[in-house]
Every structure is written in structure tokens, then in C-alpha cells.
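Examining the three-dimensional arrangement
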Amino acid sequence: MNRKKIYLLVLAGLLIGIPLIYNLPPVRDRLDWRVAEFVARIKYAVSPPEQIVFVPEEIDILTTPTPAPQISPTVPFAITTTRVPSTEEAVSTSSPTATLEPLPLEIQLEGFRHEYQTWNNCGPATLAMALSFWGWEGDQRPIAAFTKPNPRDKNVMPYELTDFVEQETDLESIYRVGGEIEPLKRFLASGFPVVIEKGFEGPGFEGWIGHYVLANGYDESRRLFTMQDSYYGPDQVMEYDDLISYWRAFNYTYIVIYPSEREEEVFTILGSHVDVEFNNRYAAQKASDEIYRTTGRDQFFAWFNRGTNLVSLQDYVGAASAYDGAFAVYPSITEKDRPWRMMWYQTGPYWAYFYSGRYQDAINLSTTTLDAMSEAVLEESYYWRGLAREALGDIKGAVKDMGSALKVHPGFEPAAIKLEQLGVEP
């Protein structure tokens, strides 16, 4: 065999073998994030995302936010939950005469199986750690397959994590917003670790990013929480004030997982916040109060949280005005501190602009978000842009966006349903 044939055979072997080797799960786990990071660095060097500013066309800022109705919770806590308690349950666990035991000065829950996340997989890894506390034997892989069929998906929503718990395990889950330090400690003291969604900044990341952690202990004397962190490692600590600062970015969202026989304990700690509407109103008021107490990025988050909570209360016009307030604050934040990934994780502005009839703002925000990404893989952004395009009569554009949503998230039900309504086979 001459050299030319040998070279051709070697080349053919490489062309066939390299893709096969790359697609082996252990190899992809190690290489995918490096490829994605390389692509992102090139894209962001050419078009820095921190310099991109969204400006609503129909801006209507509430310079003085209208207060949400005043409430008096029995337990100062907290929006949505996969399990909505009945009215009887809400009343029975919200009694103003309920008395809670004094908290111990220190609690450290044990019995977790710590797991480091694979690339872009903090949500599934954190949930796997939380489930391991209750004896679940799986790891992040089936959770990731359930919540993000496309491994390049940038985010897993809290409801997607609770859906996994409800559908794939024998445990229960509940998630709320407006969380606070004292009730968080009470959950831990009662033996319930808590999943928290918060902001994150650290080595290896360009700017602010979203992150899930699992709180499993606290030390009152040092004002520290203990966290199981899928990125940094087990038994990380965070000061109370730092947690508040980073937790604010996600409306103080938290998830509690528990066996069904311990549901009454969970509801007792939640108190009045068992009731979803009460929780939403409380969180809306909390966000409104923080608008006056904060500046810069924290004020941006406060305005944003107000909008998110008003969306949950179906006050879409008020929510749109609150988001306008957030986007008006955004340019005043120094570029290095801007949370330019915000729309990767939260969809409230789409709901607010769409349902208040501001379709072009929904389209523009979706487009701005997708164009600023190194990989445009947010099914929610495609979906809401498609809805807004349909509302404006652009059926072809709507069909294309719904198809894109399904491409980046196979099986994404809202997009599939909409395509069927438009007369297109998903």
C-alpha cells in the first residue's frame, strides 16, 4: 500500500473517529464547556454584552411605586408552588396564635452526598444533593435530562426542579419567594435543607451569573450559613448579609423538599405564606420597600422583583411599569457590575409586556437577549417573541420562533401547543 493511500485511510479514520469519540458522554462532559467558553470569549470580545442596554419603547416608569396591599404575616417569610394547599390547610397553618420554638444557636445538617456540577449544571447538581439527604440514590444526570434536554440550555427554572421532584420521586416540594433569614434558619433547625437561587460572582466567570446552592446549616454567633456548593465544593460558608445581597437578585427564591408525612411541619414554618396569594403580596411589598433602601444594582433587582411579584398577582400593567423602572436604573450600573445575564433566568418582563399589550417591547427585549448571547439557546425568549409576533400579525415569524424554541428545548410543551394552534406540525 502506497503512502498516499495510508494517509487517506488515516484521514478517513480521524474524520470518522473524532466525532464518535467527542460524542462519548465522559468526553463531552470535559470538552463541551471548553468549546462553549472559547466561542463565548470570541463573541463577547467583539460585542461586549455588558454594553448592551435595552430601552423600552413604551416606557412608563412609576417614580413612586404604588404599595402592595399591607399584610401582617404570622411568620415573616417567603411564588409559585407545584402543590397549592387547600384553603383549609392555609387557614389551619396560619393561625396568629401559633407559637414557634426558640431557635438553637447552631445547626449543621449532615447526610448529603456532595456532587460537583458538570458544565452549566448547578441546578440539577444542587437538587441531586438535596434529594440525597432524603435517601434518593440518583445524581444530576437524570435531573438534567428531565429539566434541560439540550445540555447547552443556560438555565433551569425553579418550577422545572420542583416538577422533577413531583414527577420522578416519592418526595414533595414547595417553592416560594420573599425568603428571609429567620425562617430559613427555622427550616434548617427543623431538619429541612433549603435550595436557594441567588446571584454569583467568582473566578472563571465573566461578570454576574445565576447559581443554585443548598443551605444545610447556620452559626448564629458568627452569622454564617453553611452551603453545599456544586461549583466551589462542600461546606462553604456565607455571611448572612452576603446571602441577602445575592439572594435579592432572584426575588429571594427558595425550594423546600420533604417527605409527605412531614408536610404539616413545613406548612407550620411557612405560616401565612402557605397561601400563594398572600406570599405574592408580601413579596411585592418587600420589593417595593427595598426600592427606597437600595441604589445601583440592588435597586435594579428591587424594581425587577416588584415586577415579578406583580406578574404573579396578574397586575401586568403595574408589573410592566416596575420593569421599566428596573431597565431605567440599569444604565447607571457600572459595566463590570451589570447583571447582563438576567433574562437568562427570569421571564417576568415578557409576561408583563405581552399581557399589557406592549408587544413590540416583548419582541425587542427577546431579540436583545438572544442577540447578546454567545449561543441563542433560550426557549422562553423564542416562545414569548413568537407570541408577540403572532399578536402583531406576523404568523410566519411566530412559527419560526416556536420552531426555534423546540429546537433548543425538544419537547417544550408551550411551543408545541402554539404550533398546533397555528396549524403547523411540531
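Presented here is a report on the structure given in the accompanying data block. Values in this document were obtained by computation on a predicted structure and should not be read as measured data.

Focus on the overall build of the protein
Secondary structure summary: the protein contains 18 helices and seven strands in total. The 426 residues of the protein split such that 53% are buried. When the accessible surface of the protein is totalled, it reaches about 19400 Å², and 55% of it is carbon and sulfur.

Some remarks on unusual backbone geometry
Even without being a glycine, Asp 235 presents a positive backbone phi close to 55 degrees. As for its placement among the helices and strands, Asp 235 is situated in strand E6 (residues 233-239). Judged by its relative accessible area of 52%, Asp 235 is exposed. Even without being a glycine, Tyr 252 presents a positive backbone phi close to 55 degrees.

Details of empty space enclosed by the protein
Put simply, the largest cavity is a space of about 260 Å³. If you trace the largest cavity, you find 19 residues lining it, with Ile 52, Tyr 330, Trp 340, Met 343 and Thr 369 closest to the centre. Looking at the lining of the largest cavity, the elements with two or more residues in it are helix H11 (296-312), helix H13 (342-345) and helix H15 (359-371). Classifying every residue of the lining of the largest cavity gives 17 nonpolar, two polar and no charged. Roughly 30 Å³ of volume is contained in the second largest cavity. Residue assignment for the lining of the second largest cavity shows that the elements contributing at least two residues are helix H10 (276-293) and H11. In terms of residues, the lining of the second largest cavity owes the most to one element, H10, which gives four residues.

Considering the packing of aromatic side chains
This model, assessed by the stated rule, comprises 34 aromatic pairs. A ring pair is formed by Trp 340 and Trp 344, whose centres lie 6.0 Å apart and whose planes are at 85 degrees; its orientation type is edge-to-face. Here Trp 340 falls in the buried class, since its relative accessible area comes to 16%. In this structure, Lys 198 is placed above the aromatic ring of Tyr 246, and the distance from its NZ or CZ to the ring centre is 5.3 Å.

Considering the nonpolar core
Phe 300, Phe 304, Tyr 323, Phe 327 and Tyr 353 are the most contacted members of the largest nonpolar core, which totals 54 residues. Judged by nonpolar contacts, the second largest core, of 48 residues, contains Phe 112, Val 156, Val 256 and Tyr 258.

Thoughts on the packing of helix H7 (residues 181-189) against helix H9 (residues 263-270)
Pairs of packed helices are described in terms of their axes, by the angle between the two and the distance that separates them. For the pair H7 and H9, the least separation of the axes is 10 Å and the interaxial angle reads 160 degrees. In this view, H7 runs roughly antiparallel relative to H9, as classed from their interaxial angle. Read as a crossing pair, H7 and H9 show a hand that is right-handed. When H7 is examined against H9, the residues Pro 183, Arg 186 and Phe 187 are found in contact with a partner set consisting of Val 266, Ile 269 and Leu 270. The residue makeup of the contact of H7 with H9, split by class, is five nonpolar, no polar and one charged.

Some remarks on the environment of Ser 356
Tracing the sequence through the fold places Ser 356 in the loop between helix H14 (348-355) and H15. Here Ser 356 falls in the partly exposed class, since its relative accessible area comes to 23%. Sequence spacing of Ser 356 and Gly 318 is 38 residues, and the spatial spacing of their C-alpha atoms is 9.0 Å. When near neighbours in sequence (up to four residues on either side) are disregarded, Ser 356 contacts Tyr 316, Val 317 and Ala 320. Engagement of the side chain of Ser 356 in a polar contact is seen with the backbone oxygen of Tyr 353, the distance being 3.4 Å.

With respect to the pattern of salt bridges
Close approach of charged atoms allows side chains with opposite charge to pair. What the rule picks out here adds up to 18 salt bridges. The closest approach of N and O atoms between Arg 358 and Asp 361, which form a salt bridge, is 2.9 Å. This pair shows no difference in class: Arg 358 is buried, exactly as Asp 361 is. Through salt bridges with shared partners, a single network forms among Glu 182, Lys 185 and Glu 220.

Brief notes about the packing of helix H4 (residues 122-133) against helix H5 (residues 140-147)
H5 packs onto H4 with a crossing angle of 130 degrees between their chain directions and a minimal axis gap of 8 Å. The pairing of H4 with H5 is recorded here as oblique in orientation. In this structure, the crossing between H4 and H5 has a hand that is right-handed. Contact with H4, carried on its side by Pro 124, Ala 125, Leu 127, Ala 128 and Leu 131, involves Gln 140, Ile 143, Ala 144 and Thr 147 of H5 and no other residues of that element. Split by residue class, the contact of H4 with H5 holds seven nonpolar, two polar and no charged.

Quick word on H5
Within H5 the residues assigned to the buried category are Gln 140, Ile 143, Ala 144 and Thr 147. All buried residues of H5 project into a common sector of 100 degrees when viewed along the axis, lining one side. Exposed side chains of H5 directed beyond 90 degrees from the buried face belong to Arg 141 and Ala 145. Where H5 is buried, its residues meet H4 and helix H6 (158-168).

What about the pairing of strand E4 (residues 209-219)?
For E4, the tally of buried residues reaches 11 of 11 residues, placing the bulk of the element in the interior. Where strand E3 (residues 194-200) lies against E4, seven bridges are found, and the strand directions are antiparallel. Bridge pairing links Lys 198 to His 211 in E4. As paired strands, E4 and strand E5 (residues 224-229) are joined by five bridges and run antiparallel to one another. Looking at the pairing, Gly 217 lines up with Thr 226 of E5.

Calculation rules
- Residues numbered from 1 in each chain as written.
- Predicted model: local features only at pLDDT ≥ 70, side-chain atom pairs only at ≥ 80, totals over all residues.
- Heavy atoms only, no water.
- Helix = DSSP H or I, 4+ residues; strand = E, 2+ residues; numbered from the N terminus.
- Buried < 20%, exposed > 50% of the residue type's maximum accessible area, 1.4 Å probe, protein only.
- Areas by Shrake-Rupley, 256 points an atom, 1.4 Å probe, with all protein chains shown as cover.
- 1 Å grid on protein atoms, 1.4 Å probe; cavity = no way out; pocket = protein on both sides within 12 Å on 5 of 7 lines; lining within 4 Å.
- Points joined across faces, edges and corners; volume = space filled by probe spheres on them.
- Nonpolar A, V, L, I, M, F, W, Y, C, P; charged D, E, K, R; others polar.
- Phe/Tyr/Trp six-rings, centres within 6.5 Å; stacked < 30°, edge-to-face > 60°.
- Lys NZ or Arg CZ within 6 Å of the ring centre and 35° of its normal.
- Core = buried A, V, L, I, M, F, W, Y, C linked by side-chain atoms within 4.5 Å.
- Axes fitted to C-alpha atoms, helices over the stretch in contact; angles between N-to-C directions.
- Parallel < 35°, antiparallel > 145°, perpendicular 65-115°, else oblique.
- Left-handed = near helix turned anticlockwise from the far one by under 90°.
- Contact = heavy atoms within 4.5 Å.
- Polar contact = N/O pair within 3.5 Å; in protein donor to acceptor, adjacent residues only side chain to side chain.
- Salt bridge = Lys/Arg side-chain N within 4 Å of Asp/Glu carboxyl O.
- Arc of directions from axis to C-beta.
- Pairing = 2+ DSSP bridges.

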